[in-house]
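Chain and residue survey
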Amino acid sequence: MASESLDKIRLSGDVPNHVAIIMDGNGRWAKQKGFPRQVGHREGMKSVRETIEGAAEAGINILTLFAFSTENWNRPRKEVASLMSLLRYYARKERDSLKHQGVEVHVLGEIERFDDQTREAVDLIVRGTKGGQSLRLNLMISYGGREEILRSVRTLAEQVDQGELTVDDIDEDALRKTLFTVNLPDPDLLIRTSGEYRISNFMLWQIAYTELHITPVLWPDFSREHLFEAVLDYQRRDRRFGLVGTS
Ligand code: FPP
């Protein structure tokens, strides 16, 4: 399946090493079909599965999914509870299959804000998939880019306060080490579904030179074929990182 796009990807040069996705449009998908929003999130879980498989097939090494933002805590209580319950369900149900596929799961964000049950489920999927070699999957949960940078600033200030660092030691590398994404290369490609042209507080530090691909497809309709389209779009870009181009 989808081998034509995969063949094209293989012929088109470098595959993005790290792909990040803002999975948007679950609510609108459900509304269009006359379902409650929760149904959209449940369907969105299927797209998560498909995207992970597609990423491994395309040769992507790191996949980062924005599953729950700091701002999402302010949604109606019922919706937050249902998203947490979906996360627990996902962790229990998918753990073995992810392990089998060689996917190593990491959960990044303010995990301390979760209830005990959700933290345990998260812990289970992280421990159960440790050592996977085919794909690193980062689930960004209770994550916000500004909060992440603020946290870093506080950590660095504390280190200066304790005499572990001087102000002059604070450079990009020092800050990077205090981010949730410590040791991860920046995303090469950021995909956003549902046609919205905004970043929504996602990986603000890390996406400085990331290529953007916005698709109108709502997340529950997103398939591996859409992922391959985004990779092909990326492969047509001329990345200059602020320098002069080759052409
Ligand atoms: C955005 O759609 C999506 C979310 C807030 C949640 C993302 C969750 C999933 C894709 C399913 C579960 C995933 C895992 C990893 C367990 P929205 O509700 O903002 O949609 P709208 O903008 O159309 O209202």
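Structural notes, computed from the coordinates. (Residues numbered from 1 in each chain as written. Predicted model: local features only at pLDDT ≥ 70, side-chain atom pairs only at ≥ 80, totals over all residues. Heavy atoms only, no water.)

Observations concerning the overall build of the protein
Scanning the protein from terminus to terminus reveals eight helices and six strands. Counting from the amino terminus, the protein carries its helices and strands in the arrangement α-β-α-α-β-α-β-α-β-α-α-β-β-α. In terms of overall size, the protein behaves like a compact globule, its C-alpha atoms giving a radius of gyration of 19 Å where 247 residues would be expected to give roughly 18 Å. Here the protein holds 247 residues, and 48% of them are scored as buried. Relative to all contacts within the protein whose residues are 6 or more apart in sequence, the contacts with residues 24 or more apart total 78%. A total of about 13,100 Å² of accessible surface is found on the protein, and carbon and sulfur atoms cover 49% of it. (Helix = DSSP H or I, 4+ residues; strand = E, 2+ residues; numbered from the N terminus. Rg over C-alpha atoms; globule rule 2.2 N^0.38 Å. Buried < 20%, exposed > 50% of the residue type's maximum accessible area, 1.4 Å probe, protein only. Contact = heavy atoms within 4.5 Å. Areas by Shrake-Rupley, 256 points an atom, 1.4 Å probe, with all protein chains shown as cover.)

Structural notes on the environment of Thr155
Mapped onto the fold, Thr155 is located in helix H6 (residues 145-161). The class of Thr155 is partly exposed, set by a relative accessible area of 30%. Through-space distance from the C-alpha of Thr155 to that of Leu179 is 9.7 Å; in sequence the pair is 24 residues apart. Side-chain polar atoms of Thr155 contact the backbone oxygen of Arg151, separated by 2.9 Å. (Polar contact = N/O pair within 3.5 Å; in protein donor to acceptor, adjacent residues only side chain to side chain.)

Side note on the packing of helix H3 (residues 37-58) against helix H4 (residues 77-101)
Contact geometry of H3 with H4 gives a least axis separation of 11 Å together with a crossing angle of 25°. Taken together, the axes of H3 and H4 lie roughly parallel to each other. In terms of crossing hand, the pair formed by H3 and H4 is right-handed. Where H3 abuts H4, its residues Arg37, Gln38, His41, Arg42, Met45, Val48, Arg49, Ile52 and Glu53 lie against Lys78, Glu79, Ser82, Leu83, Leu86, Tyr89, Tyr90, Lys93, Glu94, Leu98 and Gln101. Considering only residue class, the contact of H3 with H4 consists of eight nonpolar, four polar and eight charged. (Axes fitted to C-alpha atoms, helices over the stretch in contact; angles between N-to-C directions. Parallel < 35°, antiparallel > 145°, perpendicular 65-115°, else oblique. Left-handed = near helix turned anticlockwise from the far one by under 90°. Nonpolar A, V, L, I, M, F, W, Y, C, P; charged D, E, K, R; others polar.)

Re the site of the ligand
The local shell around the ligand holds 17 residues, among which Asp24, Gly27, Arg28, Arg37 and Arg75 are the closest. A distance of 3.2 Å separates an oxygen atom of the ligand from a polar backbone atom of Asn26. At 2.8 Å from an oxygen atom of the ligand is found a side-chain nitrogen or oxygen belonging to Arg75. Calculation on the ligand without its partners gives an accessible area of 620 Å², and the protein chains cover 91% of this total. Where the shell around the ligand is concerned, the elements lending two or more residues are helix H2 (26-32), H3 and H4. In the shell around the ligand, the residues fall into eight nonpolar, five polar and four charged. (Near = heavy atom within 4 Å.)

Looking at a negative patch on the surface
Together, Asp168, Asp169, Asp171, Glu172 and Asp173 line one region of the surface with negative charge. Structurally, Asp168 is set in the loop between H6 and helix H7 (172-176). You can call Asp168 exposed: its relative accessible area is 74%. (Patch = residues over 30% accessible without salt bridge, like charges linked within 9 Å, V, L, I, M, F, W, Y side chains within 5 Å. Salt bridge = Lys/Arg side-chain N within 4 Å of Asp/Glu carboxyl O. Lys, Arg positive; Asp, Glu negative; His and termini not counted. Charge placed at Lys NZ, Arg CZ, Asp CG, Glu CD.)

What to know about the packing of H3 against helix H8 (residues 224-235)
At a closest axis distance of 8 Å, the pairing of H3 and H8 adopts a crossing angle of 45°. On the basis of the axis angle, H3 is oblique to H8. Read as a crossing pair, H3 and H8 show a hand that is right-handed. In contact with Glu50, Thr51, Glu53, Gly54, Ala55, Glu57 and Ala58 of H3, H8 contributes Arg224, Leu227 and Phe228. Its residues placed into classes, the contact of H3 with H8 shows four nonpolar, two polar and four charged.

Topic: the pairing of strand E1 (residues 18-22)
Of all five residues making up E1, five are buried, and the element is well covered by its neighbours. Taking every second residue as pointing to the same face, both faces of E1 are buried, with His18, Ala20 and Ile22 on one and Val19 and Ile21 on the other. As judged from the five bridges shared by E1 and strand E2 (residues 62-69), these two strands associate in the parallel manner. Residue pairing for E2: Val19 is matched across the bridge by Leu63. Inspection of the sheet shows E1 paired to strand E5 (residues 189-192) by four bridges, in the parallel sense. Residue Ile22 lies in a different strand from E5, and its bridge partner there is Arg192. (Pairing = 2+ DSSP bridges.)

Focus: the nonpolar core
As a rule of thumb, soluble globular proteins bury nonpolar side chains together. Counting 44 residues, the largest nonpolar core has Ile52, Leu63, Tyr90 and Leu137 as the members making the most contacts within it. For this core, the leading source of residues is H4, giving eight residues. Other than its neighbours up to four places away in sequence, Tyr90 contacts Met45, Val48, Ile52, Arg95, Leu98, Ile125, Leu137 and Leu139. Counting residues in each nonpolar core, the second largest holds 13 residues, with Met140, Tyr143, Leu190 and Met203 among its members. (Core = buried A, V, L, I, M, F, W, Y, C linked by side-chain atoms within 4.5 Å.)

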